[in-house]
Amino acid sequence: MADVTVSQLAKTVGATVDRLLAQMKEAGLDHASAEQIVSDADKKRLLTHLKNNHGASTAAPKRITLKRRTIGTVKTSGSQGRKTVAVEVRKRRTYAKREEVEQEVDAELEVPAVDLPEQAGLVGAPEEIVESEEVAAEDAPAKRVDPFDVEELRRRAAAKRKEQEATEKARRDAVVKAKAEESARSKAEEQAKALQAEREKTGPKHLRAAPGTKTDDEPKKKPGRRKQAKQRNKSRGGGFRPDEFFGGDNRSRGLSSQRVLQAINKQEFTLPTEEIVHEVELGETITVGQLAQQLAMKANAVIRELMKMGVMANVNQPLDQETAILVIEELGHKHRIVSDDMPEDELLIALQAALGEEEQAQASRPPVVTVMGHVDHGKTSLLDYIRKSRVASGEAGGITQHIGAYQVQTDIGEITFLDTPGHAAFTSMRARGAKCTDIVVLVVAADDGVMPQTIEAIQHARAAEVPLVVAINKIDKEAADPERVKNELVAQEVVPEEWGGDTQFIPVSAQTGEGIDKLLEALSLQAEVLELSATEDVPAKGIVIESRLDKGRGNIASVLVQEGTLRNGDIVLAGQHFGRVRNMSNEVGELIDAAGPSTPVEILGLDGTPNAGDELLAVGDEKKAREVAEHRRQKERDAKMARSQRANLDNIFESFGETEVRTLNVIVKADVRGSTEAICQALQDIGNEEVEVNVVSSGVGAISDADINLARATSAVVFGFNVRAGNTAKEIAERENIELRYYSVIYNLLDDVKDALSGMLAPEKREEILGTAEVREVFKSPKFGLVAGCMVVDGVVLRNKPIRVLREEVVIHEGELDSLRRFKDDVSEVRSGTECGIGVKDYTDVKAGDKIEVFDIHEVKRSL
């Protein structure tokens, strides 16, 4: 056995270095560091010490058990034919030394056997074929066991612990049995004394006995077996006695068992003598079902009361606080205003109580740096070069970038980089009030200068009150002009230090690596100025960077620990989800047991995927974490329902006569958040009271399968601005006939949306007068009825067009022509200056001097 160091031995046995050093110190060894050599003699001494602590013997093993498992098949026949059944055969053979077996046999003969169900074979019979053979071999070769085998030590300790537990259980059972016998004996004596006292109270028996009966002095007849059994049962206190249940009445002794059970199961209900007043705990909102539950009444009664107040609601309809108070008071009950965030307040109080009133010691922590800038200014290339040059090259497979954050080791200290897509996560974190970023590195291309997204990044950094470090990239190009970049940034109030400002400007090149070391030194210097510190010995607190659902591993969340220490097994609460940390790995995929401040980790064990930017807390009570998570989910559901339009009588009457608003559902995906926000804002401004645009979803990045599925569910059009859809997303879109449109100029996108909305507008109806005929005389025809003889004075009269009858320039009828004749012929049209006969359909009040006006209605397409 070769000599190893303390750290290597700790890794072999699966223990920490500190724990192994403590055990070696208890064993009398003088090892104090992880690099000291451990010899074979030191190992044996440590093993002897551990065996003595665990109660194990240092002697050679007395028994060796060999196990073998084979799988075979057996053919059986039944009603459904012949079947083949797989059978697993397990064999176990134990080798023991002969003298040990003889000693055990002698001990069993001396010690009386204990009648236990396990020994009788009545419990736990496995459904398997087991062949157990014990062969005593005197000179059987024993397999040598590794003295440092952790599993062997654990097995021996567990066997000894089970033996002690069995002995203790047998002792407790004996004590309980003795107490039970003593209690039964004392109860029997008390019953006998009570019976004797009752007999003495009723008087001497020989005075009350009938003539010819036996006195107490005469010998009594021995009772039968059934009576003896009843007496024994009564003396033990067992069984049900109707005389005790019915107060010793002699008439009850003749009751049957069915009547006795009916008397036992009889239930009585008494009407309340006074009205019960309930106190309802009322928050900002409460659903009708929850209100009915607290009032101990049916939901229909609450809905009926709401209808009396003019409110139409269902069981799941949320009610505001004022409406709920009116309902409660109308029903004659009381209310008590409580906070909606009561579970979260209780959780914060519990966490503060766990921290204690004493101020915890602060320790320095690495800075958290977010790199921002325009998409074409080399931000990704800069991050790739930093990863390639600063991460340990000994890691197998290179760098595993799957949690969005990593740590870089510099000569001054560690730096944690947050690799977020653009600044979307940074914006959401700032909106939630979580300042997880300490320093922002603004990347600006030396040949391109300041862009609109660069200005937006500066605004985000100022809103979060985070210091800036400007990295002027691409200085290796011929068109690079760092002075131009400085002048443009000064116009945005970002002044370099050499010009009297407080911002460091570092010229770098992501291709050649020039200036990378200076950039890291500038970040370390800025961190020293900020004096970043955090408390380690407190429950962990952090923020969720990103989360995803892995098919093989389940829900995975990438977390940045901000304060405290996160350990395996901790119960964590993240947004609307909670769980126990089952597994934790660092940025390179290595499993770790604990993570301190400013450490990015990937955790498994949550019951869902939290949103980016959600706060993560380590709590000690799983029940409290589940309660808070459910409260947050319910709160979000109530908020969604409250945003929907309530169906009450007022807005039902208001909606009568209103035209329905047509909506165009769209999904917007762009390359940067600035473009997304600009497009969404412009789309919201398009429309009128008849048509509008509804942005179902918007985001940054390529069009994914989830976007296509959402578009299918909402009948939406997907717009991609400088992004494209993946192959899988394209296949789903083609199969489901989802419209995908790509744009690179925002004005083209807005023009197409305007055209689509214009097509959704109802067409405008315009009326055109075709001709006018003046009635000269009215005739009655037996074949055609009333016929007006007319002269066409203007335009042309068409038979298949609608008409109006005017009398003194007032419309008195609107309808259709029944007939149009010239002389005796039916014609389809009559032009100006020509006489004709006109028959008006379903109208007989035409008089001489009236005018018949022929018109047509055209639909004209509208536009925004």
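Residues numbered from 1 in each chain as written. Predicted model: local features only at pLDDT ≥ 70, side-chain atom pairs only at ≥ 80, totals over all residues. Heavy atoms only, no water.

A. Examining the sheet that holds strand β27 (residues 691-700) more closely. Across the sheet, which stays open at both edges, the four strands sit in the order β27-β26-β28-β29 with parallel pairing between neighbours. In the strand order of this sheet, the two ends are held by β27 and β29 (740-743), each with one partner. Each strand axis lies, on average, 25° off the axis of its neighbour in the sheet, ignoring direction. Relative to β27, strand β26 (residues 662-670) runs parallel, the two being bridged by nine bridges. Of the residues in β27, the one forming a bridge with K669 is G699. (Pairing = 2+ DSSP bridges. Helix = DSSP H or I, 4+ residues; strand = E, 2+ residues; numbered from the N terminus. Axes fitted to C-alpha atoms, helices over the stretch in contact; angles between N-to-C directions.)

B. Spatial organisation of the packing of helix α22 (residues 705-714) against helix α23 (residues 727-736). Between α22 and α23, the least distance of the axes is 8 Å, while the angle of their chain directions is 15°. Judged by the inter-axis angle, α22 sits roughly parallel to α23. For α22 against α23, the interelement crossing comes out right-handed. Note on element contacts: α23 touches α22 through T728, A729, I732, A733 and E736, opposite D705, I708, N709 and R712. Taken together, the residues of the contact of α22 with α23 break down into four nonpolar, two polar and three charged. (Parallel < 35°, antiparallel > 145°, perpendicular 65-115°, else oblique. Left-handed = near helix turned anticlockwise from the far one by under 90°. Contact = heavy atoms within 4.5 Å. Nonpolar A, V, L, I, M, F, W, Y, C, P; charged D, E, K, R; others polar.)

C. Structural context of helix α24 (residues 746-760). Here α24 spans 22 Å end to end across 15 residues, near enough to the 21 Å set by a 1.5 Å rise per residue. The complete set of buried residues in α24 reads L749, L750, V753, L757, S758 and M760. (Expected span 1.5 Å × (residues − 1). Buried < 20%, exposed > 50% of the residue type's maximum accessible area, 1.4 Å probe, protein only.)

D. Quick peek at the sheet that holds strand β14 (residues 439-445). Within the open sheet, the six strands sit side by side as β12-β13-β11-β14-β15-β16. Their pairing is mixed. Taken across any chain shown, the strands that pair with only one partner, and hence form the sheet edges, are β12 (405-409) and β16 (504-507). In this sheet, neighbouring strand axes are inclined to one another by 30° on average, regardless of whether the strands run parallel or antiparallel. Taken together, the five bridges between strand β11 (residues 368-373) and β14 define a ladder with parallel strand orientation. What sits directly across from G373, in β14, is V443. In the packing of helix α16 (residues 452-463) onto the sheet, contacts are made with β11, β14 and β15 (468-473), and the angle to β14 comes to roughly 170°. Docked against the sheet, helix α18 (residues 516-530) engages β11, β13 (414-418), β14, β15 and β16, running at close to 165° with respect to β16.

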